[in-house]
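For reference, the chains in residue letters:
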Amino acid sequence: MKILVTGGAGFIGANFLNLLVPRHPEHVFVNLDTLTYAANLGSLEGIAKADNYRLEVVDIVDFEAVDGVFTKHQPDLVVHFAAESHVDRSISGPRAFIKSNIEGTFNLLEAARKHWSDGKGLFHHVSTDEVYGSLGDTGMFVETTRYDPSSPYSASKAASDHLVRSYARTFGMRTRITNCSNNYGPLQFPEKLIPLMVLNAVDGKPLPVYGEGLNVRDWLYVGDHCEAIWKVIGEGADGETYNIGGNNEVRNIDVVTEICSIVADLTGKTKGELEGLITYVKDRPGHDLRYAIDATKIRNELSWEPTETFETGLRKTIKWYLDNPAWIEQVRTGEYRNWIEKNYQDRG
Ligand code: NAD
Ligand code: TDX
C-alpha cells in the first residue's frame with residue numbers, strides 16, 4: 001500500500017511514522033509536510049533513510065502541489081494530520097487555521113476525488129474532541145454529540161470534519177474520522193501544556209496556569225492514539241466516526257503538580273521549590289471547561305484499549321524531554337521565543 005501521511009513532521013504525525021515505518025516495510029509512507037514552526041525533521045531521524053519512507057515538502061493550501069504529489073506517488077490511503085493545532089495561536093492569529101485546516105483539507109479531498117475515480121482510496125481524517133465544545137461537570141462526548149466549537153481552532157477542525165463527511169455522502173468517497181482527546185508524549189512542541197511546564201520546571205521558570213487551573217482535559221498517550229488510528233484504518237468501517245480517549249480526566253492544576261513531583265524525582269530539585277513556580281495567569285478567552293471522551297464504540301467494535309496509564313506515560317514523557325536536549329534546542333528557535341513572549345506578556 002502507498003500511504004500519504006500529511007503533517008508527519010509534527011508531534012502526532014512523527015510518532016505515527018516512527019511507529020509504523022519500521023513495522024510495515026511492505027508499505028511506502030510518503031510524508032507531506034510544509035514544515036511550519038511546529039515541524040521538526042529531527043523527530044524523524046530514525047526513519048529518514050528507510051527504504052519505505054519519502055518526504056515531500058508541500059503546503060496543502062497549494063492545490064497544484066498537492067495534486068502533483070498524488071500524481072507522483074498514487075497513494076491508496078491518506079492519513080491527514082496536517083493542521084495548525086494550537087488553540088492560543090488560533091486566538092491571536094486565526095487566518096492560518098482557516099487556510100490550512102479548512103482550505104488545506106478541501107484541497108486534499110479534491111485531489112483524492114480526482115485521483116481515486118475507481119472509488120478504492122481511503123481518506124482517514126484525524127480530528128479532535130474540541131469540535132464538541134465544552135462539557136459542564138457531568139457527561140461525556142459520544143460520536144453523535146452535536147458540534148459546538150469554541151475557538152477558531154476547533155471551528156476550523158469542525159469545518160474540516162464536515163467537509164470530509166460531505167465527500168463521503170456526496171461523492172461516495174471512502175472516509176473515516178477519529179476525534180481524539182488531548183495527546184501528550186515525546187516530540188510535542190513545547191507550546192502545549194505538558195512540555196511547556198516540564199521545560200519551565202527544569203529551567204526554574206514560572207509555571208503559567210490559566211485561570212484557576214480547574215479546567216479538565218482527558219489525556220491520552222500519543223502512542224495509544226497512533227495505535228487507535230491504525231486500528232481504525234485496518235478494521236474500521238467506511239463513513240464512520242470513532243472517538244478516541246484515555247478515560248483519564250485530570251484538572252490542569254493537578255497535571256502541573258504531578259509534573260512538579262516527577263521532575264523533582266528525576267532531577268534532585270524539591271517538589272516544594274517547583275510548586276513555588278506555579279503562577280496563575282489571565283485565562284484563555286472562550287476556555288472550554290471540560291472535555292471527556294466516551295470511547296465505548298472503538299473499544300467494543302475494534303477492541304482498542306489504551307496501554308499507558310497517566311502515571312507511566314507522564315514519567316516516560318518527562319524522561320524523554322530530560323534525555324533529549326538536542327531536540328529541545330532545535331525547537332527553541334527565535335520563533336518559539338517570540339511566541340512565548342507574546343502569549344504570556346499580557347496574561348499578567
Ligand atoms: P503539530 O502542530 O505538532 O503538527 C502539525 C504538522 O502539520 C506540522 O508538522 C506542520 O508543519 C504540518 N502542517 C501545518 N500546516 C500545514 C500545511 N498547510 N501544509 C502541510 N503541512 C502543514 O500538531 P499535532 O499535535 O501533531 O496534531 C496533528 C493532528 O492531530 C491535527 O490535525 C490536530 O488537530 C489533531 N489532534 C491533535 C491533538 C493533540 O492533543 N495534539 C488531539 C486531537 C487531535
Ligand atoms: O500555558 C498554559 N497554561 C494553561 O493553563 C497552556 C499552554 C495551557 N493551559 C491550559 C489550557 C488547557 O485547558 O492547559 C490545557 C491544555 O492546553 P493545551 O496544551 O494548549 O491544549 P488544548 O487547548 O486542550 O488543545 C489540545 O488538545 C486538543 C491540542 O493543542 C489540540 O490540538 C487538540 O485538538
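Preceding block: the structure.
Student: Whenever I open this one, the site of ligand 1 confuses me. Can you help?
Tutor: The immediate surroundings of ligand 1 are formed by 28 residues, with I12, D33, S85, Y153 and K157 found nearest. At 3.0 Å, a backbone N or O of F11 approaches an oxygen atom of ligand 1. In the environment of ligand 1, an oxygen atom lies 2.6 Å from a nitrogen or oxygen atom belonging to the side chain of K157. Burial of ligand 1 by the protein amounts to 96% of the accessible area it has alone, namely 840 Å².

Student: Could you clarify how one ought to interpret the pattern of salt bridges in this entry?
Tutor: Note that side chains of opposite charge can pair when their charged atoms are close. A full pass over the atoms with the stated rule returns 22 salt bridges. Two residues, D203 and K205, come together in a salt bridge whose shortest N-O distance is 3.8 Å.

Student: Just checking my understanding: could you explain the nonpolar core for this structure?
Tutor: Across soluble globular proteins, nonpolar side chains show a tendency to be buried alongside one another. With 82 residues, the main nonpolar core has F16, V79, I194, I259 and I298 as its most contacted residues. The element best represented in this core is helix α8 (residues 252-267), accounting for eight residues. With sequence-adjacent residues up to four places away left out, V79 is seen in contact with I3, L4, V5, T6, F16, H124, V126, I229 and I233. Among the nonpolar cores identified, the runner-up in size contains 20 residues, and L32, F70, V164 and I177 belong to it.

Student: Just to check I follow, could you spell out the sheet that holds strand β7 (residues 182-184) for this structure?
Tutor: Here three strands make up an open sheet; going across it, the order is β7-β9-β11 and the pairing mixed. The sheet terminates laterally at β7 and β11 (249-251), the two strands that pair on one side only. Looking at each pair of strands side by side, their axes are set apart by 50° on average, direction ignored. In terms of strand pairing, β7 meets strand β9 (residues 216-221) through three bridges, oriented parallel. Across the sheet, the residue bridging to N183 is L220, located in β9. Strands β9 and β11 of the sheet are contacted by α8, whose axis makes an angle of about 85° with β11.

Student: Would you explain the packing of helix α6 (residues 193-203) against α8 in this entry?
Tutor: The relative placement of two packed helices comes down to the angle between their axes together with the axis-to-axis distance. It is at 10 Å that the axes of α6 and α8 come closest, and there the two elements cross at 40°. Viewed along their axes, α6 and α8 adopt a mutual orientation that is oblique. Where α6 crosses over α8, the handedness of that crossing is right-handed. Where α6 abuts α8, its residues L193, I194, M197, V198, A201 and V202 lie against N252, V255, V256, I259 and V263. The residue makeup of the contact of α6 with α8, split by class, is 10 nonpolar, one polar and no charged.

Student: Explain the sheet that holds strand β6 (residues 174-180) here, please?
Tutor: Sheets are built from strands that pair by backbone hydrogen bonding, the pairs being arranged parallel or antiparallel. Taken together, the seven strands give an open sheet; going across it, the order is β3-β2-β1-β4-β5-β6-β10, and neighbouring strands pair in parallel fashion. Unpaired on one side and paired on the other, β3 (53-56) and β10 (241-244) mark the two borders of the sheet. Between one strand axis and the next, the sheet turns by 20° as a mean value, whatever way the strands run. This element, helix α5 (residues 152-171), spans β5 (122-128), β6 and β10 of the sheet and lies at about 155° to β5. The strands touched by helix α7 (residues 222-235) are β1 (2-6), β4 (77-80), β5, β6 and β10; relative to β5, the strand with the most contacts, the crossing angle is about 145°.

Basis of the calculations
Residues numbered from 1 in each chain as written. Chains lettered and ligands numbered in written order. Predicted model: local features only at pLDDT ≥ 70, side-chain atom pairs only at ≥ 80, totals over all residues. Heavy atoms only, no water. Near = heavy atom within 4 Å. Polar contact = N/O pair within 3.5 Å; in protein donor to acceptor, adjacent residues only side chain to side chain. Areas by Shrake-Rupley, 256 points an atom, 1.4 Å probe, with all protein chains shown as cover. Salt bridge = Lys/Arg side-chain N within 4 Å of Asp/Glu carboxyl O. Core = buried A, V, L, I, M, F, W, Y, C linked by side-chain atoms within 4.5 Å. Buried < 20%, exposed > 50% of the residue type's maximum accessible area, 1.4 Å probe, protein only. Helix = DSSP H or I, 4+ residues; strand = E, 2+ residues; numbered from the N terminus. Contact = heavy atoms within 4.5 Å. Pairing = 2+ DSSP bridges. Axes fitted to C-alpha atoms, helices over the stretch in contact; angles between N-to-C directions. Parallel < 35°, antiparallel > 145°, perpendicular 65-115°, else oblique. Left-handed = near helix turned anticlockwise from the far one by under 90°. Nonpolar A, V, L, I, M, F, W, Y, C, P; charged D, E, K, R; others polar.

These results come straight from atomic positions and should not be treated as a statement about function.
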